[in-house]
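Listed here are the chains, written in short residue letters.
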Amino acid sequence: MPPAPASLHDLASHAEEARDPFAGRRQGETETPVVIQAADGVPVYLALTREDVAASARALASAWRTLGVRRGDSVLIYDYGASPLTLFASWCYVPHLEKGAADLLGAVPLCNDGLPEFASRALHVLRYLRPGVTIVDAANMPVFLRRVAEERAQISEWTRMLAVSPDEETLSPPQVAAWQRELGLPVRLLLRSGPAMFFAAECDEGALHAGPRYYRLEVVPQEGGEPAATGQGSLCITNRFLQGTRVERYLAHVHVAIEPRPCSCGRPGRPFRCLA
Amino acid sequence: MLPPSSREMFDAGEALPPEEIARRQLRSLNRALRFAGNRLPFYQRIFAEAGFAPGPVRSFEEYARNVPSIRKADVAGAVRATGSGRAGIEALGTSRLSNVVMTSGTLGFNTFAFLTPSDLRGGSLLNSLRELWVVGVRPGMKVLTLSPAWHALALLDTRGITRLGAEVVIPWGTFAPRFVPNFLDAVAAHRPEHILLTAPVLRGMIEECDRRQLDVRRAFAGVRYIACAGESLSAPYRRYILERTGIEDIFERGGSSDGMFGGGECFAHRGHHISADLHYVEIVAPGTGELLPPGRRGVAVVTNLLRGRSVYIRFNTEDVAAVIPGECPCGRTDPVIELYGRLTDSVIFEGRIVAPADVRGVLDQFPGLMGKPFQVERSGPEGIRIVMAATPPGEDLTRATEAVRAALGIDAAVTTGDSLALGWKGQVMRGSRHG
């Protein structure tokens, strides 16, 4: 019988009570040479095998591909070096990885690190390196936009797309549309959840995709309810590729609608959208 | 007494006879000059402007005398001019580009370094392996490391740890004070044997233990070694860390992200072992550029002997440094370079440089002043003034003043100033003080 959905709060409570940084999710005696913290300020870690590290990079590459990252692109990541969004981007960002998302796609990554103080440095990189795609941690968007305004930077001349990455946050479509208007370039979502090693990216049609070979997605319509394959509710993620850490029915703090039908973009699996 | 492992080296390249090192370095320098003169636009321009025609160089003295040196401002100027992030120092050949990293923000301008897989699997990897090895990282060891992936050192550590087959624990965050409690929690939760971090973060972790009224030794139980990058560690501070944490040893890592070189200390703690087959480091007088012998303090000028990445030739790091004379007890024969701080943070008297490390070494003798940020300023023709950002109430600066005078043999005054601005790592931002 599948376990009941568990949220980050549940995992953190378990981690503290049981004095187990893996919150009971570590798999037996598997060799896990990489251990990463799942999220900022939360005492929950993931233990990863070498294959987990490689598969995490493939899952991130799949999301990058949905965003339209192309061979030869530079990709600026304005997020912490310890974030899964960054770690799995390059074979040089996390040990025991031979091909990161950028290596798999023929792109070149550049990490800015994630402090709000580094917004100006992100603009510096944009100005001089002209990355094809710029990924910004959603938490840094306010400071990033302020710097853009203060420097009167026309970033649409420097990058062709901005991907905003909320960490288990819901960003409303009107908010994203407002950023798009303000910056004058396409703004897409790259939703992530560290505790589930989850990445989902928005396609041209405005739907979010998480590769079905990597994840099984469900929704929990109301607290304590049974997960369903489609409909509206909290996103419930089962990670299919992690071996060192079991991620089954992780309840992300994000409200979504999973569509019953495939997306018109042609990607496999059921698309979903964030709800305000 | 050195531990037995102190004589373990990563490879035989670290213990070549000095004459062989010199012969190989001279050959590599000529190769680097030839390549730069033929292929790299930045150096073609610099050489032309200096009237230097890259021909065979027969001695290190001739190299120092004839080859123009460059500075960060030159590289930054070239980046501004090209507008492409490249300065014309990128020796990438036909290899695909793997990564771009930023150098430090010195002068308020980050330049960029470009790296190819061939370098990350070749010379730079070898440099990283030797550095990790010398600071005590071994296969199978559990290493807690932070990963600020904008910095070259993080990339090289990643590849080095992979090749060594060490396990890693990566907590969330970066080297800013707000993440210190989280790093302490990570040490307690995972019990690493080795930690790679910066000195301010280590200091912050111990302060955090004190705030939480934790026994520091219990918090660091299981940790054998710590290696700190980013600033020189004073002798009192090292003693303090060993005593408080109970670890076996603490190592300093140092070099320059502008200039893309570095190395770690061995168990003898005489300075940084710099791989002589990968980098050639000269110490020159700041004013005249005269090549200085071992033991004399000047600024470090580095030439990378690598390709497949951005290459720095006679790059003046503007870091105060000296080659430490004599044989190292660890048996390595490569040059040992000690770093003392930025030249702009130092005071130059005739024939003498008083650097931040000199002052740090004295102030760290006083528990209340240990690790506290400060700025050194010239005060009259023969003296210095040390302005501290903050000191604990009741700290006797008169005693600190007397200690600085006695240790450095110059007129000095230690004062406080509330107008020192601190950067994101808690460091003093030079030039930020007004009035």
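The rules we used
Within every chain, residues take consecutive numbers counted from 1 along the sequence as written. Lettering of chains starts at A and numbering of ligands starts at 1, both following the order in which they are written. Reporting of local features is limited, given that this is a predicted model, to residues whose pLDDT is at least 70; pairs of side-chain atoms are given and counted only at 80 or more, and all residues count toward the totals for whole chains, interfaces and linings. In computing side-chain values, all of the structure's heavy atoms are included and hydrogens and water are not. Helix axes are fitted to C-alpha atoms over the stretch in contact, other axes to C-alpha atoms as well, and angles between N-to-C directions run from 0 to 180 degrees. What counts as a helix is a DSSP run of H or I of at least four residues, what counts as a strand is a run of E of at least two, and both are numbered from the N terminus. An angle below 35 degrees is read as roughly parallel, one above 145 as roughly antiparallel, one from 65 to 115 as roughly perpendicular, and any other as oblique. Note: crossing handedness is left-handed where the near helix turns anticlockwise from the far helix by less than a right angle, and right-handed where it turns clockwise. Throughout, a residue-residue contact means that at least one pair of heavy atoms, one from each residue, lies within 4.5 Å. As used in this record, nonpolar core signifies buried Ala, Val, Leu, Ile, Met, Phe, Trp, Tyr and Cys residues forming a set joined through side-chain atoms within 4.5 Å. Per-residue accessibility, obtained with a 1.4 Å probe over protein chains only, is compared with the maximum for each type, and a residue is labelled buried under 20%, exposed over 50%, and partly exposed between these values. Residue ranges assigned to each domain were obtained from an automatic or database domain assignment. Simply put, the buried area is the total loss of 1.4 Å probe accessible area from both parts when two parts are fitted together. In what follows, salt bridge is the name for a side-chain nitrogen of Lys or Arg lying within 4 Å of a carboxyl oxygen of Asp or Glu. N or O atoms closer than or at 3.5 Å make up a polar contact, with two conditions inside protein: a donor-capable atom paired with an acceptor-capable one, and, for residues adjacent in sequence, both atoms drawn from side chains. Polar here means any residue other than Ala, Val, Leu, Ile, Met, Phe, Trp, Tyr, Cys and Pro, which are nonpolar, and Asp, Glu, Lys and Arg, which are charged; Gly is therefore polar.

## Concerning the packing of helix H6 (residues 141–150) of chain A against helix H7 (residues 173–183) of chain A
All names here are of chain A. Contact geometry of H6 with H7 gives a least axis separation of 12 Å together with a crossing angle of 20°. In this view, H6 runs roughly parallel relative to H7, as classed from their interaxial angle. H7 is crossed by H6, and the crossing has left-handed handedness. Of H7, the residues touching H6 (which contributes Met141, Leu145 and Val148) are Trp179, Glu182 and Leu183.

## Things to note about the nonpolar core
Ranked by internal contacts, the top residues of the largest apolar core, which has 220 residues, are Trp64, Phe144, Phe198 and Phe272 of chain A together with Phe220 of chain B. Examining the composition of this core, we find that nine residues originate from one element, helix H2 (residues 50–67) of chain A, more than from any other. When near neighbours in sequence (up to four residues on either side) are disregarded, Phe144 of chain A contacts Tyr78, Ala119, Ala122, Leu123, Leu126, Val136, Ile155 and Leu162 of chain A. Leu363, Leu369, Val404 and Leu408 of chain B belong to the second-largest nonpolar core, a separate cluster that totals 21 residues.

## Concerning the domain arrangement of chain B
It is common to give the size of an interface as the accessible area lost on bringing the parts into contact. All names here are of chain B. We note that the domain assignment places domain 1 (7–344) and domain 2 (346–416) within chain B. Averaged C-alpha coordinates put domain 1 and domain 2 at centres separated by 27 Å. Listed per partner, the contact involves 16 residues of domain 1 and 14 residues of domain 2. When domain 1 packs against domain 2, close to 1100 Å² is buried across both sides, 61% of that on carbon and sulfur atoms. Inspection of the domain 1/domain 2 interface yields two salt bridges. In this structure, Asp358 engages Arg297 in a salt bridge whose closest nitrogen and oxygen atoms are separated by 2.6 Å. Counting across the interface, domain 1 meets domain 2 through six residue pairs in polar contact (both at pLDDT 80 or more). If you list the elements that add at least two residues to the side of domain 1 that touches domain 2, you get helix H9 (199–211), helix H11 (235–245) and strand E15 (336–342). A breakdown of the residues in the side of domain 1 that touches domain 2 according to their chemical character gives seven nonpolar, five polar and four charged.

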